[in-house]
Every structure is written in structure tokens, then in C-alpha cells.
Amino acid sequence: MLDDPVAIRALAHPLRTRLLGIIGRLGRATTADCARELEISHGLASHHLRQLAKYGFVEQVAGKDHRERPWRLIATSYDWRQATATPEGAAAVDLLEQLQAEQALEAFLDWQRRRAAWPEAWREHTGIGTSGVYLTRDELAGLVKDVDALLLRYINERPLDDLASRPAGSVPVSFTLFAIPGEAAR
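Just so it is clear, the structure is predicted and the values come from calculations on it, not from any experiment. (Residues numbered from 1 in each chain as written. Predicted model: local features only at pLDDT ≥ 70, side-chain atom pairs only at ≥ 80, totals over all residues. Heavy atoms only, no water.)

Remarks on the side chain of His-48
Phase 1: Summarising the element assignment, His-48 is placed in helix α4 (residues 42-54).
Phase 2: Residue classification places His-48 among the buried positions, given a relative accessible area of 6%. (Helix = DSSP H or I, 4+ residues; strand = E, 2+ residues; numbered from the N terminus. Buried < 20%, exposed > 50% of the residue type's maximum accessible area, 1.4 Å probe, protein only.)

As C-alpha cells, then:
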């Protein structure tokens, strides 16, 4: 549970969320790996990785030798809904969610440009699906809990830094759930 508004604001930075994505995809990544991939200076990557470490999102682990110090994610999923109980927390969550929505849209548009090159079996189950349904607050809470449980099964079975747990042929897949009540919900 992530309920510290300062930590949420620290995460709500485009470069930091991209750093987390790189480390998650690679399992472990050095500062140099991240800097190269993002085409930024080593110093800038190092600064943002230290900020992520300060708030408990990443940690350095032992490398192949005494010079290599890769970073790994501490967790792969966060729930910050409780942070919205305070005005500071709500503002931090709003900022982070806006960033995540923008990045999800950017990733989807990138997928649209690339998907024609992928086999039909992959294209068949990707993209945007929209469903509308009338739910009570309790039903919505249960549905979100069920979706989270389905995803957590795979997250727990396949820690991002455990490359051996990734099945052959697997690729990183991003899920972004938007649950937006209509006007009648007031």
C-alpha cells in the first residue's frame, strides 16, 4: 500500500516511470544501461534512480563483479487508493494517474504503429476493449479486486527480476484499467 503523498509525487515523474519500466523489462539494470536506453547522461539517470531508491521503489543489488551495481524493482504493483483520503494525497494521486494515463496512451499508439508486424495470435487479444455496465460501489470494488487477483497471480509467479520464471516466448504486456463512474453515480 502506497499512501505517502511525497513518495507518490516522487514517482509521478516521466523519467522515473520510464526507469522503472526499463528495470522491470530487463529484470535488473545498471545506471549505464538505463542512461543508454533513455539517451540521457549517466549522472541524470543516477540522480533519478537514487530518488526512486529513497522512496523505496528500487534497490541496488550485487552485480557480476564489485564494480557492477544493478538496480532491481522492490515491487511490481502498487495500490495508492488510500492516499486519496487527504487533500495532499489526492493531489499526488491525481498527478500520478494523469502521467500514467498519458504514458498508457503513448504506449497504445506505439502498439498501433507496430502491431501489423506481429502475428495474428498476438494481435487478437490486444488493443482497447470498452464495456459499460451498471454496478453498485460494492460490485465495482469486487470487480477491481478480482481483476487485481488475476494479474497478481502472474506477477507473483514471475518476479520481474527472475528472468528464469519468464516462459519461452513471453513478452512484457501492460494492462491499464480505467474504471470511470458516469454522472448517475452521484
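Next, the rest of the story.
Some points on the environment of Arg-115
Phase 1: The residue Arg-115 is located in the loop between α5 (87-114) and α6 (120-123) in this model.
Phase 2: Along the sequence, Arg-115 and Gly-127 sit 12 residues apart, while their C-alpha atoms lie 9.5 Å from each other.

Some words on the pattern of salt bridges
Phase 1: Per the stated rule, a full pass over the model turns up 10 salt bridges.
Phase 2: We note a salt bridge from Glu-157 to Arg-153, for which the minimum N-O separation is 3.5 Å. Of this pair, Glu-157 and Arg-153 are both found in helix α7 (residues 137-157), 4 residues apart, which corresponds to roughly one turn of the helix.
Phase 3: Judged by relative accessible area, Glu-157 falls into the partly exposed class, the value being 43%.
Phase 4: Counted as one network, the salt bridges with shared partners bring together Asp-79, Arg-81 and Asp-148. (Salt bridge = Lys/Arg side-chain N within 4 Å of Asp/Glu carboxyl O.)

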